[in-house]
Amino acid sequence: MKSSHNPGFGTKAIHAGQSPDPTTGAIMTPVFQTSTYVQEAPGKNKGYDYSRSHNPTRTALEQNLAALEGGRFGLGFASGMAAIHCVLNLLQTGDHVIAGNDLYGGTYRIIKTLYEKFGVATTFVDLTDHAQLQGAFRPNTKLVMLETPTNPLLRCFDLTAIAAICKQRGALAFADNTFATPYLQNPLAHGWDVVVHSTTKYLGGHSDVVGGALISNDEALHKRLAHFQNSCGGTPGPMDCFLVLRGTKTLHVRMDRHCQNALAVARWLESHPKVARVFYPWLPSHPQHAIAKKQMRAGGGMVSVELKATVAQAMDVCSSFEVFSLAESLGGVESLVDHPASMTHASIPAATRRASGLEDGLVRLSVGIEDEADLIADLDRALGRLK
Ligand SMILES: *Cc1c(COP(=O)(O)O)cnc(C)c1O
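These figures come from a predicted structure and were not determined experimentally.

(A) Highlighting the packing of aromatic side chains. On inspection of all chains with the given rule, the structure shows four aromatic pairs. Their ring planes at 55° and their centres at 5.2 Å tell us that Phe-321 and Phe-324 sit as a pair that is tilted. Considered together, Phe-321 and Phe-324 belong to a single accessibility category, that of buried residues.

In structure tokens:
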């Protein structure tokens, strides 16, 4: 993108990392569906020699995502988990990790089942309590990892304050920004070292691709991550990169509508007699509302609601929507409903789940960009079954 001034988010979303194809003028970055590249002489190439290492469609995506997060370097991966694995692989036996106690299930699983056996210990802490965080540090603590807002309780943590603690303690600060998206929140600007996205969610935005990305600023760190990306090969194919690039072009427009609809849904739910609690960062009743306001542009598209319902009743409500679809995942244009206790979070033992505040009547909504009135009518109908 040629630009003499610092462009706004929407302009970057559409143009960063992409310029018309020099050979044809094609305005969209082509899907470079190729494994190898012809060399002019041995070792003399145009910057591309093999598509695990580099691919022009992937380069465009990596540069686009870096620009959106306000970072210098981007790396594409075949999934969000492949990207998280890349950062965890910076660790070695004997290292210690501090992680939020409210993490994506797959992140918890990789830490517990694949890293503990190599002698990497993890302490899970309540990151709203900075004294607890400070107390969890050990001399060998190398990495602090969090998500904000979290899944499914949408807890928010102070990015500036926690990054400062990490810096003071010499630990790498690693933020999963999947729920907020780079449009709503930029952890690097608060002093975080690495940001991960599951591009499967809002960045792709159309529930048609699985992918991941890392964005960072420090060149030495980026080189270590890039070395892993190329060595282990969990890279995305060019078609998947193309789909995510197409998604990011409308990220700002979609997010505005996701946030507007989610706020309307959250407010409506808060006044419903069968609702015990609504979790949404933009509601003044949210315990970390002030932190959310400080570091986010809007409240995001995810709303969780605790119904005054038994497991069976909550499952019945979840099965009776007409506009919302009953499914895992999130961040697509269509609205989804999830019952964490029996779906996304079923692998967590019931007692542990309840102790962390995740009640059996909790329902998670990924609020899409359909018409607000239709979403609320659908909720009204489904919740009406609780009479
Ligand atoms: C989905 C998700 C992941 C994992 O990403 P995949 O693309 O499914 O591998 C990680 N973190 C969060 C917050 C997610 O929602």
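Back to the write-up after that little detour.
(B) The pairing of strand β3 (residues 121–125), seen in detail. Pairing analysis gives five bridges linking strand β2 (residues 96–100) to β3, with the strands arranged parallel. Residue Gly-100 lies in a different strand from β3, and its bridge partner there is Val-125. Read from β2 through helix α4 (residues 105–115) to β3, the crossover connection turns out right-handed.

(C) Fine view of the site of the ligand. Around the ligand there are 13 residues in total, and Met-81, Asp-176, Ser-198, Thr-200 and Lys-201 lie nearest to it. At 2.9 Å from an oxygen atom of the ligand is found a main-chain nitrogen or oxygen belonging to Met-81. At 2.8 Å, a side-chain N or O of Ser-198 approaches an oxygen atom of the ligand. Starting from 380 Å² of accessible surface for the ligand in isolation, the protein chains cover 93%. According to the grid-proximity analysis, the pocket containing the ligand is the largest pocket. Among the elements that make up the shell around the ligand, the one with the highest residue count is helix α3 (residues 80–88) (three residues).

(D) Local environment of the sheet that holds strand β12 (residues 362–366). Strands sit in the order β8-β9-β12-β11-β10 across an open sheet of five strands; the sheet is mixed. At either end of the open sheet lies a strand with only one pairing partner, and these are β8 (275–279) and β10 (325–326). The pairing of strand β11 (residues 336–338) with β12 spans three bridges and is classified as antiparallel. Its bridge partner being in β12, Asp-338 is matched across the sheet by Arg-364.

(E) The arrangement of empty space enclosed by the protein in detail. Applying the stated criterion across every chain, the model contains two cavities of 30 Å³ or more. Reported here for the largest cavity is a volume of approximately 40 Å³. Taken together, Pro-149, Leu-154, Phe-179, Met-296, Gly-299, Gly-300, Gly-301 and Met-302 form the lining of the largest cavity. Counted by class, the lining of the largest cavity contains five nonpolar, three polar and no charged residues.

(F) Fine view of the pattern of salt bridges. Summed over all chains, the structure comprises 14 salt bridges. A salt bridge links Lys-142 to Asp-95; the nearest nitrogen and oxygen atoms lie 3.0 Å apart. A residue pair is termed long-range when its members are at least 10 positions apart, and Lys-142 in strand β4 (residues 141–147) and Asp-95 in the loop between α3 and β2 qualify at 47 residues. Overall, Asp-95 belongs to the buried group, its relative accessible area being 7%. Several salt bridges converge on common partners, so that one network encompasses Glu-40, Lys-44 and Lys-46.

Basis of the calculations
- Residues numbered from 1 in each chain as written.
- Predicted model: local features only at pLDDT ≥ 70, side-chain atom pairs only at ≥ 80, totals over all residues.
- Heavy atoms only, no water.
- Phe/Tyr/Trp six-rings, centres within 6.5 Å; stacked < 30°, edge-to-face > 60°.
- Buried < 20%, exposed > 50% of the residue type's maximum accessible area, 1.4 Å probe, protein only.
- Pairing = 2+ DSSP bridges.
- Helix = DSSP H or I, 4+ residues; strand = E, 2+ residues; numbered from the N terminus.
- Right-handed = clockwise from strand over helix to strand, strands pointing away.
- Near = heavy atom within 4 Å.
- Polar contact = N/O pair within 3.5 Å; in protein donor to acceptor, adjacent residues only side chain to side chain.
- Areas by Shrake-Rupley, 256 points an atom, 1.4 Å probe, with all protein chains shown as cover.
- 1 Å grid on protein atoms, 1.4 Å probe; cavity = no way out; pocket = protein on both sides within 12 Å on 5 of 7 lines; lining within 4 Å.
- Sits in = over half its atoms within 2 Å of the grid points.
- Points joined across faces, edges and corners; volume = space filled by probe spheres on them.
- Nonpolar A, V, L, I, M, F, W, Y, C, P; charged D, E, K, R; others polar.
- Salt bridge = Lys/Arg side-chain N within 4 Å of Asp/Glu carboxyl O.

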